[in-house]
Structure formats: C-alpha cells, structure tokens
Amino acid sequence: MPGLTIGDEIPNLEVETTHGKFKLHDFIGNQWTILFSHPGDFTPVCTTELGQMAAYSGEFEKRGAKLLGLSCDDVQCHNEWIKDIEAYTPGCKVNYPIIADPNRDIMKQLNMVDPDEKDPNGFPTPSRALHIVGTDKKVKLSFLYPATTGRNMDEIVRVLDSLQKAAKNKVATPVNWKQGDPVVISPSVTNDEAKKMFPQGFETKDLPSKKEYLRFTNV
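Thresholds, definitions, all that
- Residues numbered from 1 in each chain as written.
- Predicted model: local features only at pLDDT ≥ 70, side-chain atom pairs only at ≥ 80, totals over all residues.
- Heavy atoms only, no water.
- Pairing = 2+ DSSP bridges.
- Helix = DSSP H or I, 4+ residues; strand = E, 2+ residues; numbered from the N terminus.
- Axes fitted to C-alpha atoms, helices over the stretch in contact; angles between N-to-C directions.
- Contact = heavy atoms within 4.5 Å.
- Phe/Tyr/Trp six-rings, centres within 6.5 Å; stacked < 30°, edge-to-face > 60°.
- Buried < 20%, exposed > 50% of the residue type's maximum accessible area, 1.4 Å probe, protein only.
- Lys NZ or Arg CZ within 6 Å of the ring centre and 35° of its normal.
- Parallel < 35°, antiparallel > 145°, perpendicular 65-115°, else oblique.
- Domains from an automatic or database assignment.
- Polar contact = N/O pair within 3.5 Å; in protein donor to acceptor, adjacent residues only side chain to side chain.
- Core = buried A, V, L, I, M, F, W, Y, C linked by side-chain atoms within 4.5 Å.
- UniProt positions renumbered as here; feature names shortened; annotations may be inferred.

(A) Broad picture of the sheet that holds strand β4 (residues 65-71). Read from one edge to the other, the open sheet built from seven strands follows the order β2-β1-β5-β4-β3-β8-β9, with strand pairing classed as mixed. Across the chains shown, the open sheet's two edge strands, defined by having one partner strand only, are β2 (20-23) and β9 (139-145). Taking each pair of neighbouring strands and ignoring which way they run, the sheet shows an average axis angle of 30°. Pairing of strand β1 (residues 14-17) with strand β5 (residues 98-100), which is carried by two bridges, proceeds in the antiparallel orientation. By the bridge assignment, Glu16 is partnered in β5 with Ala100. Against the sheet, helix α2 (residues 44-55) makes contact with β3 (32-37), β4, β5 and β8 (128-133), and its axis sits at roughly 20° relative to β8, the strand it touches most.

(B) Geometry of the side chain of His38. Examined against the element boundaries, His38 turns out to sit in the loop between β3 and α2. The contacts of His38, once residues within four sequence positions are left out, are Cys46, Leu50, Leu70, Ser71, Trp81, Ile98, Pro126 and Ser127.

(C) Up close: the packing of aromatic side chains. For the structure shown, the criterion picks out four aromatic pairs. Measuring from centroid to centroid gives 5.0 Å for Phe22 and Phe27, while their planes differ by 15°, and the two rings are stacked. Exposure class is identical for Phe22 and Phe27. Each is buried. Both rings, one in Phe42 and one in Trp81, keep their centres 6.5 Å apart while their planes meet at 50°; by these two values the pair is tilted. In this pair, Phe42 is assigned in the loop between β3 and α2 and Trp81 in helix α4 (residues 75-88), connecting sequence segments 39 residues apart. Stacked on the ring of Phe27, the Lys or Arg Lys66 has its end atom at 4.7 Å from the ring centre.

(D) Examining the packing of α2 against α4 more closely. Close contact between α2 and α4 brings their axes to 9 Å; oriented N to C, the two are set at 70°. The orientation of α2 with respect to α4, classified from their angle, is roughly perpendicular. From α2, Cys46, Thr47, Thr48, Leu50 and Gly51 reach across to α4, where they touch Trp81, Asp84, Ile85 and Tyr88.

(E) Up close: the domain arrangement of the protein. With domains assigned, the protein is organised as domain 1 (8-151) and domain 2 (170-217). A straight line from the C-alpha centre of domain 1 to that of domain 2 covers 36 Å.

(F) Spatial organisation of the environment of Lys140. Note on placement: Lys140 falls in strand β9. On the accessibility criterion, Lys140 (29% relative accessible area) is partly exposed. Placed 133 residues apart in sequence, Lys140 and Gly7 show a C-alpha to C-alpha distance of 6.2 Å. Separated by 2.9 Å, the side chains of Lys140 and Asp136 make a polar contact.

(G) Up close: the nonpolar core. Formed by 29 residues in total, the largest nonpolar core has its most connected members in Ile34, Met53, Phe60, Tyr96 and Ile132. Elements supplying a minimum of two residues to this core: β3, α2, β4, α4, β8, β9 and α6 (153-168). In terms of residues, this core owes the most to one element, α6, which gives six residues. Core analysis: the second largest hydrophobic core is formed by 19 residues, Leu4, Val15, Met107 and Ala129 among them.

(H) Summary view of the UniProt feature "active site" (unreviewed entry) in the protein. UniProt tags Cys46 as "active site" (unreviewed entry). You can see Cys46 is positioned in helix α2. According to the relative accessible area criterion, Cys46 is buried, its value standing at 1%. With sequence-adjacent residues up to four places away left out, Cys46 is seen in contact with His38, Pro39, Gly40, Trp81 and Arg128.

Written out as structure tokens, the structure reads:
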C-alpha cells in the first residue's frame with residue numbers, strides 16, 4: 001500500500017472535527033490513537049461500525065488509547081449522522097471526534113483513499129482504513145478493508161494488546177494470540193539475557209532443526 005504506512009510518522013495536520021479544530025500531534029499527545037476512516041456518512045456498514053467503536057470505547061480507554069474517525073463529509077453532516085449511529089446502537093455515545101474532509105486532502109495524506117470506490121459525483125472516497133498510532137506519533141499497524149466488509153472490534157482490541165505488549169517487552173505474539181496467552185521471546189535476546197529479563201522462566205520448544213529460537217514465556 002503506497003504512502004503512509006507502518007513506521008511512518010503521522011503528519012501533523014490541522015483538522016476540523018466534530019470536537020473543534022486541532023492538530024493531530026496535539027490530539028495524540030502521549031497516548032495510543034486509533035485513527036480510522038469510513039467511506040461515507042449515512043451508509044449502512046459505517047453506521048454499524050461507528051456504533052461499535054463507541055460501544056468499545058471503554059476497552060480502548062483502559063488501554064490508554066483514543067479514537068479518531070474520518071470521512072469526506074462535513075462537520076454538520078457528521079453531527080446529523082451521529083444521531084442515527086446512537087439510535088442504532090442504544091446506550092452508546094459517539095464521544096470521539098470525527099474529522100471532516102470535504103476537500104479530500106486529509107485522506108490522501110493519511111493514505112486512506114479507496115482505490116476503486118467513487119461517490120455519485122465520481123470523486124474518490126475514503127477507504128475503510130485504520131491506523132494504530134503509538135505514543136511516538138508513528139504508525140504501528142494498518143488495516144485496509146473494502147467498503148463491503150465491516151471491521152471486527154475484537155480484533156482491533158487484540159492487536160492493540162499485542163502492540164502494547166511488544167512495545168513494553170522484547171517479545172512478539174504468536175498466531176491467534178490473545179491477552180493472557182504465552183508470548184514468544186525475540187530472537188535478538190540471548191538465552192542468558194532471557195533468564196535475566198524473564199525470571200519467571202521460559203520454555204524452549206524442541207524442534208527438528210535443534211535451533212533454540214521458539215521460546216515461550218508469560219509476561
């Protein structure tokens with residue numbers, strides 16, 4: 001995917017949102033941020049998604065993460081649409097800001113342009129993209145879905161847990177990992193270093209190659 005991607009710093013754009021104007025770096029501050037785009041207001045899949053983003057906001061807050069949405073509609077349109085979102089997902093409030101991008105400039109700079117979809121006037125629309133941004137303002141993970149496929153909130157929580165775990169310890173998370181499961185120790189960590197870093201111990205899998213690279217521990 002060309003443009004902004006994993007490892008790149010989010011540009012410090014000034015944006016107009018449902019919570020007023022601010023610069024992206026000021027909004028992010030020293031917290032993790034989940035920056036996500038949707039193809040358009042008053043559309044079915046997006047209405048279900050933004051409601052669930054609101055429903056899961058407590059889970060993201062527990063992990064020190066903020067939410068920030070984006071589409072190419074204006075602020076007035078966003079505010080009207082929020083009424084539908086909250087009606088569809090009862091008990092949930094859209095308490096996170098949504099960026100307005102009627103000129104379609106911001107979505108280009110954030111690499112959130114759908115390569116195929118166009119609006120009724122033939123203009124490009126935002127993709128169903130999501131960047132998880134770290135406290136250093138850099139993109140740690142990106143998802144890109146077609147307009148026809150809604151995101152899975154549990155997977156967003158899972159990968160955020162994984163990223164934060166890896167940022168804190170020299171570990172990685174194996175296939176299908178979820179919070180509480182064992183993690184694997186980075187190959188860059190020697191066994192002697194691992195004994196000091198992980199006093200709780202670790203298990204090295206016996207493999208045909210006899211290479212001791214698959215080491216599990218709990219952190």
